[in-house]
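Spelled out, the chains give:
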Amino acid sequence: MCIRDRWYQRRVHGATVLSPLIVIKTQMEVAGVKGNMTIKENVSRTLSDIGVRGLWAGLIPSILKEAPYSGLQLVFIEAVKAMLPSSLGLASTTIASPIGSVAAVLLTHPFDNLRVRYQCSGLEVGDKSIIQGKHYRSYWMVIKDIADKEGFHGFYRGLTAMALKRAISAPFIWTLVELLKRCLLYTSPSPRDRQKSRMPSSA
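Since we're looking at a predicted model, the values are computed, not measured.

## With respect to a nonpolar patch on the surface
Then, number 1: There is a patch of nonpolar side chains on the surface, built from Leu164, Ile168, Phe172, Ile173 and Val177 and spanning about 530 Å² of accessible area.
Then, number 2: On the basis of relative accessible area, Phe172 is assigned to the exposed category, the value being 64%.

As structure tokens, this is what we get:
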């Protein structure tokens, strides 16, 4: 199994294991302070209304977003770095990372939008439903509803906030990764040094 396949598997497993936390987090963020609901109350409401499967609502679009996002992000960052002067050094990563991250967001955001709407389907604040009183029974219902009422732009609702979030955090994360990588390469012995260390010393 190649590194890429293992990477995708880790992303899929991560999205699956963390799904209950993501569902509760998303619902509480969307409901806001008006929801006035604790984590325990939110979990209890989800279990009573939908059952255990409600904690994994939106898993498929979440996987479709998470699995390719990091790979696309890395590809775009490396492409941008290749166009920058090599004299920039570490600064090339700082410059390229927000551009690559926003480009990856542009391709994966519709799946994240679908996930949020599906997870918040039927979520009520007071006597008002968050998503126009709808209880989506399938992802196709969400897609059709967005396309009919909002058109293509509906799939990219919230894009600006997500792009800003990624653009701001990416330079810090990727620059730190690059620094750590350089430190590890600097401190790790070369293959020639490792081979010499294995050779018995002459008497």
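## As for the confidence of the model for the protein
Then, number 1: Averaged over all residues, the pLDDT of the protein is 81; the fraction at 70 or higher stands at 79%.
Then, number 2: Element-level mean pLDDT values for the protein span from 52 in strand β2 (residues 128-129) up to 93 in helix α5 (residues 91-119).

## Considering the packing of aromatic side chains
Then, number 1: The final tally for this structure, using the stated rule, is two aromatic pairs.
Then, number 2: Taken together, a centroid distance of 4.5 Å and an interplanar angle of 45° make the contact between Tyr118 and Tyr139 tilted. With Tyr118 in helix α5 and Tyr139 in helix α6 (residues 139-149), this pair connects stretches of sequence that are 21 residues apart.
Then, number 3: Using a relative accessible area of 16% as the deciding quantity, one classes Tyr118 as buried.
Then, number 4: When the ring of Phe152 is compared with that of Tyr156, the centres are 5.5 Å apart and the planes differ by 45°; the resulting orientation is tilted.
Then, number 5: Note that Lys65 overlies the ring of Tyr69, its terminal NZ or CZ placed 5.4 Å from the centroid.

## Here's the deal with the nonpolar core
Then, number 1: Counting residues in each nonpolar core, the largest one holds seven residues, listed as Ala57, Leu114, Tyr118, Tyr136, Val142, Ile146 and Phe155.
Then, number 2: When contributions to this core are tallied by element, the ones reaching two or more residues are α5 and α6.
Then, number 3: Non-local contacts of Phe155, meaning those with residues more than four positions away in its chain, are made with His109, Pro110, Asn113, Ile143, Ile146 and Ala147.
Then, number 4: Core analysis: the next-biggest nonpolar cluster, separate from the first, contains five residues, Tyr69, Ala104, Val105 and Leu159 among them.

## Let's talk about the packing of helix α2 (residues 19-31) against α5
Then, number 1: Put simply, α2 and α5 touch, their axes get as near as 9 Å, and they point 80° apart. As far as their axial angle goes, α5 and α2 are roughly perpendicular. Counting all contacts with α2, which are made through Ile22, Val23, Thr26, Gln27 and Val30, the residues of α5 involved are Arg115, Val116 and Gln119.
Then, number 2: Among the residues forming the contact of α2 with α5, the class breakdown is four nonpolar, three polar and one charged.

## Here's the deal with the side chain of Gln119
Then, number 1: Note that Gln119 resides in helix α5.
Then, number 2: In this structure the side chain of Gln119 is engaged in a polar contact, spanning 3.0 Å, whose partner is the backbone oxygen of Ala57.
Then, number 3: In this structure, Gln119 is in contact with Ile22, Val23, Thr26, Gln27, Ala57 and Gly58, ignoring residues within four places of it in sequence.

## Here's the deal with helix α4 (residues 59-83)
Then, number 1: Between the first and last C-alpha of α4 there are 37 Å, a value that for 25 residues agrees with the 36 Å anticipated at 1.5 Å per step.
Then, number 2: Largest kink in α4: about 35°, centred on Tyr69.
Then, number 3: Along α4, the positions that sit buried rather than exposed are Leu59, Pro61, Ser62, Lys65, Ala67, Tyr69, Ser70, Gln73, Ile77 and Val80.

## With respect to the pattern of salt bridges
Then, number 1: In this structure the tally under the stated criterion is 10 salt bridges.
Then, number 2: For Glu178, the salt bridge goes to Lys181, with nearest N and O atoms at 3.4 Å. Highlighted residues: Glu178 and Lys181, both in helix α7 (residues 159-187), separated by three residues, approximately one helical turn.
Then, number 3: You can call Lys181 partly exposed: its relative accessible area is 41%.
Then, number 4: For Arg182, the salt bridge is made with Glu178, and the minimal N-O distance between the two is 3.4 Å. Taken as a pair, Arg182 and Glu178 lie in helix α7 at a separation of four residues, close to a single helical turn.
Then, number 5: For Glu178, a relative accessible area of 11% gives the class buried.

So, how was this worked out
Every chain's residues receive numbers from 1 upward, in the order its sequence appears when written. Restriction of local features to residues with pLDDT of at least 70 applies here, the model being predicted, together with a cutoff of 80 or more for giving and counting side-chain atom pairs; totals for whole chains, interfaces and linings are based on all residues. Here the side-chain values reflect all heavy atoms present in the structure, with hydrogen atoms and water set aside. Two joining distances apply to patches: 9 Å for like charges and 5 Å for nonpolar side chains (Val, Leu, Ile, Met, Phe, Trp, Tyr), and every residue must have over 30% relative accessible area and no salt bridge. Per-residue accessibility takes into account occlusion by the displayed protein chains alone, with areas from the Shrake-Rupley method and a 1.4 Å probe. What counts as a salt bridge is simple: a side-chain nitrogen of Lys or Arg found within 4 Å of a carboxyl oxygen of Asp or Glu. Throughout, exposure labels follow a simple rule: accessible area from a 1.4 Å probe, protein chains only, divided by the maximum for the residue type, with under 20% read as buried, over 50% as exposed, and the rest as partly exposed. pLDDT runs from 0 to 100 and stands for how confident the predictor is about each residue. Comment: elements are numbered from the N terminus, with helices defined as DSSP H or I runs of at least four residues and strands as E runs of at least two. Working definition: rings of Phe, Tyr and Trp (its six-membered ring) pair if their centres are within 6.5 Å, and the pair is stacked with planes under 30 degrees apart, edge-to-face with planes over 60 apart, and tilted otherwise. Working rule: Lys NZ or Arg CZ, within 6 Å of ring centre, within 35 degrees of ring normal, means a charge sits over the ring. Here the nonpolar core consists of buried residues drawn from Ala, Val, Leu, Ile, Met, Phe, Trp, Tyr and Cys, with membership extended through side-chain atoms lying within 4.5 Å. Any two residues whose heavy atoms approach within 4.5 Å are treated as being in contact. All axes are obtained by fitting lines to C-alpha atoms, using only the stretch in contact for helices, and the reported angles, taken between N-to-C directions, cover 0 to 180 degrees. By the definition adopted for this analysis, an angle is roughly parallel if under 35 degrees, roughly antiparallel if over 145, roughly perpendicular if from 65 to 115, and oblique otherwise. Just so you know the grouping, Ala, Val, Leu, Ile, Met, Phe, Trp, Tyr, Cys and Pro go in nonpolar, Asp, Glu, Lys and Arg go in charged, and all remaining residues, Gly too, go in polar. Here a polar contact is taken to be a pair of N or O atoms separated by no more than 3.5 Å, where protein atoms must pair a possible hydrogen donor with a possible acceptor and residues adjacent in sequence count only if both atoms sit in side chains. Given a helix with a known number of residues, its expected span is that number minus one, times 1.5 Å. The bend at a residue is defined as the angle formed between two axes, one fitted to the seven residues ending at that residue and one fitted to the seven starting there.

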